[in-house]
Amino acid sequence: MLNDLLNALGIKGSIVVAGLAGGVLRALSHRRFKLREMVASPICGALAAGYLTVPVLHYIKSVGLPLPADDVASTHAAAFLIGVCAMWIADILFEIIVRWIRPRAAAD
């Protein structure tokens, strides 16, 4: 059922799982564990991997960078790395949003 939904959205389930794993790794590698990071990291990693893996691999192939012969392995590796990198970007965006919502009091 979930696989049918993902297929209808144009996403491969194995890519989402690889991105989810990248998000989990990123969430667990933080020194400070915040609830929003523990929840948002895997979700953002899975979404980013689900939608960005195929275009990134297409770009890598079009510029002629070497990839492993096994397409499945390179797809899952790229999805994992995209999941991790998406969290760095999400961390920066979350920090900007939190600072915008709750600005620090000006020191006198």
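Computed from a predicted model, the values in this text were never measured in an experiment.

Within the protein chain, the regular secondary structure consists of four helices and zero strands. Reading the helices (α) and strands (β) of the protein chain from amino to carboxyl end gives α-α-α-α. Relative to its 108 residues, the protein chain shows a buried fraction of 32%. Taking the intrachain contacts of the protein chain between residues at least 6 apart in sequence as the baseline, contacts between residues at least 24 apart amount to 71%. Looking at the protein chain as shown, the accessible area adds up to about 7700 Å², and 71% of this sits on carbon and sulfur atoms.

With that settled, consider helix α4 (residues 71-101). When the terminal C-alpha atoms of α4 are compared, their 44 Å separation across 31 residues agrees well with the 45 Å that a helix rising 1.5 Å per residue should span. Of all the residues in α4, the buried ones are Ser74, Thr75, Ala78, Ala79, Ile82, Gly83, Val84, Ala86, Met87, Ala90 and Asp91. A side-chain oxygen of the first residue of α4 lies 3.3 Å from the backbone nitrogen of valine 72; this N-cap is aspartate 70.

The next point concerns the pattern of salt bridges. Following the criterion strictly, the structure yields two salt bridges and no others. We note a salt bridge from aspartate 71 to lysine 61, for which the minimum N-O separation is 3.9 Å. You can see aspartate 71 sitting in helix α4 and its partner lysine 61 sitting in helix α3 (residues 35-62), a full 10 residues away along the chain. You can call aspartate 71 partly exposed: its relative accessible area is 45%. What makes lysine 61 partly exposed here is its relative accessible area of 49%. Note that arginine 99 and glutamate 95 form a salt bridge whose closest N and O atoms lie 3.5 Å from each other. Here arginine 99 and its partner glutamate 95 are both found in helix α4, four residues apart, which amounts to about one turn of the helix. Residue glutamate 95 is classed as partly exposed on the basis of its relative accessible area of 28%.

This paragraph deals with the environment of leucine 81. When you line up the elements, leucine 81 lands in helix α4. Along the chain, leucine 81 and alanine 18 lie 63 residues apart, while their C-alpha atoms are 8.6 Å from each other.

Here the protein chain averages 78 in pLDDT, while 88% of its residues score no lower than 70. For the protein chain, helix α1 (residues 2-8) is the element with the lowest average pLDDT, namely 73, and α4 is the one with the highest, namely 83.

About the cut-offs
Residues numbered from 1 in each chain as written. Predicted model: local features only at pLDDT ≥ 70, side-chain atom pairs only at ≥ 80, totals over all residues. Heavy atoms only, no water. Helix = DSSP H or I, 4+ residues; strand = E, 2+ residues; numbered from the N terminus. Buried < 20%, exposed > 50% of the residue type's maximum accessible area, 1.4 Å probe, protein only. Contact = heavy atoms within 4.5 Å. Areas by Shrake-Rupley, 256 points an atom, 1.4 Å probe, with all protein chains shown as cover. Expected span 1.5 Å × (residues − 1). Polar contact = N/O pair within 3.5 Å; in protein donor to acceptor, adjacent residues only side chain to side chain. Salt bridge = Lys/Arg side-chain N within 4 Å of Asp/Glu carboxyl O. pLDDT = per-residue confidence, 0-100.

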